[in-house]
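Here's the letter readout for the chains.
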Amino acid sequence: MATINDNYLKLQGSYLFAEIARRVAAYKEANPDADIIRLGIGDVTQPLPAVCIEAMHKAVDEMAHKETFRGYGPEQGYSFLTEAILRNNYEKKGIHFGTDEIFVSDGSKSDTGNIQEIFGAADKIAITDPVYPVYLDTNVMAGRTGTMQEDGHYAGVTYLPCSAENNFAPALPKERVDILYLCCPNNPTGTTLNRTELTKWVNWAKENDVVILFDAAYAAYITEDDVPTTIYEIPGAKDVAIEFRSFSKTAGFTGTRCGYTIIPHNVTGKAADGSRVEYNKLWNRRHTTKFNGTAYIVQRGAAAIYTEEGQKQVKELVGYYLENARIIREGLQAAGLEVYGGINAPYIWLKTPNNMPSWDFFDKLLKEVNIVGTPGVGFGPCGEGYFRLTSFGDREDTKRAVARFQNLKF
Ligand SMILES: *Cc1c(COP(=O)(O)O)cnc(C)c1O
């Protein structure tokens, strides 16, 4: 008899975006003429940089000829891409990795979701609250948590509350944990941890033998000097941190799919016999067993952003979304709302007026000004009373939405 992985039954289901879609559809049905503006999406809207298109066209043509055709590539990624990444994102900052410390993938959702497989089943995880749901859900699936409690927390997980009260910089956990997930710049809050804060976490991880899983999907959006774009800017991070990066928000690759993970050789965990084993070795084994490489064509497209022209085009693209973020941020402040994020991230995190529950504010926005956003509570219990808007929309839509906020009564 086949049985199921019962851990899946502990999951809350994909409630958040399904519920948003349901409420929007119901409103639209009752109000067919409503001009709804969506600022809830976590997906980019602008086309790929021209350099990527050009490089991918060329790669497609290579596939058409026997002499230049490519079959399976190295599972860890082609050296033309890994070397370009290491040179541009790390060596320019004086941070050095071997090409066997980087793994190219089809994106950071897979990597941040799969990484838990190389850790012990009894390891304790800590996550910030609110945060990108992938970290928690994949650990629930793996049986590393208990069931969902009444307060919205899973048993056996250490939650690190992040709110305006602590400036979205969580305190160190009081209990022992083995793995810490950090998302910086953060989705959904759009806030960051500065050099001092990150140093605190790296030192704590070293002292307590914790591995930090650092998701830097939004690194390209960092504008402030005090916010490191990679955790490896912090001394000692190479001994305790695994870093995830993605081309999705950097270069519009959400539909094209490419990301990478850095696992330094120095990051180790304890085996049952007491010896220390490199996570790099385990991930390499996993990656070569369960993954057959990112498409050659896609890797060519990704590598193109590291040319001089590519860097210019990516900067322009990210700048477009950051300008939207500025427009939303300042417009909402002018409307009297309390807002966070939007300076080093494409997300604006607003405090709902009068502590209104997130879902009530969702309905209010939809009905009064026809704007769709994302209720903060969907990212964790500490997101209650907050609301996420994204700057991934069109400039004109963004401006129209912000103008409507001035008419919102609260
Ligand atoms: C968008 C996003 C990613 C990137 O996912 P891909 O699979 O690379 O598209 C990773 N982490 C966070 C927090 C994100 O918001």
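Residues numbered from 1 in each chain as written. Predicted model: local features only at pLDDT ≥ 70, side-chain atom pairs only at ≥ 80, totals over all residues. Heavy atoms only, no water.

**Student:** Even after reading the chapter, I still don't get the sheet that holds strand S11 (residues 338–341), so can you show me in this structure?
**Tutor:** Backbone hydrogen bonds are what pair the strands of a sheet, in a parallel or an antiparallel way. As summarised here, the arrangement of the four strands in space is S11-S12-S15-S14, forming an open sheet in which the pairing is antiparallel. Every interior strand has two partners, whereas the edge strands, S11 and strand S14 (374–375), have only one. Pairing of strand S12 (residues 347–351) with strand S15 (residues 386–390), which is carried by five bridges, proceeds in the antiparallel orientation. Paired with Ile 348 across the strands is Leu 389, a residue of S15. Each of S12, S14 and S15 touches helix H12 (residues 358–369); the most contacted strand, S15, lies at about 50 degrees to it. (Pairing = 2+ DSSP bridges. Helix = DSSP H or I, 4+ residues; strand = E, 2+ residues; numbered from the N terminus. Contact = heavy atoms within 4.5 Å. Axes fitted to C-alpha atoms, helices over the stretch in contact; angles between N-to-C directions.)

**Student:** For this particular structure, what's the right way to read the domain arrangement of the protein chain?
**Tutor:** You'll often see interface size given as the accessible area lost when the parts meet. Split into domains, the protein chain comes out as domain 1 (12–47 + 309–406) and domain 2 (54–307). Relative placement of domain 1 and domain 2: their C-alpha centres are 26 Å apart. Opposite the 30 residues of domain 1 that make contact, domain 2 presents 40 residues. Of all residues in domain 1, Asn 344, Phe 379 and Cys 382 bury the most surface against domain 2, accounting for 23% of the area lost on that side. Inspection of the domain 1/domain 2 interface yields zero salt bridges. Here domain 1 and domain 2 share 13 residue pairs in polar contact (both at pLDDT 80 or more) between them. Looking at the side of domain 1 that touches domain 2, the elements with two or more residues in it are helix H11 (308–334), S11, S12 and S15. Here the element with the most residues in the side of domain 1 that touches domain 2 is H11; it accounts for eight residues. The class makeup of the residues in the side of domain 1 that touches domain 2 is 17 nonpolar, nine polar and four charged. (Domains from an automatic or database assignment. Buried area = accessible area lost by both parts, 1.4 Å probe. Salt bridge = Lys/Arg side-chain N within 4 Å of Asp/Glu carboxyl O. Polar contact = N/O pair within 3.5 Å; in protein donor to acceptor, adjacent residues only side chain to side chain. Nonpolar A, V, L, I, M, F, W, Y, C, P; charged D, E, K, R; others polar.)

**Student:** Is there a simple way to think about the pattern of salt bridges in this case?
**Tutor:** Following the criterion strictly, the structure yields 20 salt bridges and no others. A salt bridge links Asp 35 to Arg 404; the shortest N-O distance between them is 3.0 Å. Within this pair, whereas Asp 35 is found in the loop between helix H1 (15–30) and strand S1 (37–38), its partner Arg 404 is found in helix H13 (residues 395–405), the two being separated by 369 residues in sequence. Asp 35 gets classed as partly exposed once you look at its relative accessible area, which sits at 36%. For Arg 404, a relative accessible area of 16% corresponds to the buried category. Notably, a salt bridge pairs Lys 290 with Glu 117, separated by 2.9 Å at the nearest N-O pair. Linking Lys 290 in helix H9 (residues 279–290) with Glu 117 in the loop between helix H4 (108–114) and strand S3 (125–129), this pair joins segments that are 173 residues apart in sequence. (Buried < 20%, exposed > 50% of the residue type's maximum accessible area, 1.4 Å probe, protein only.)

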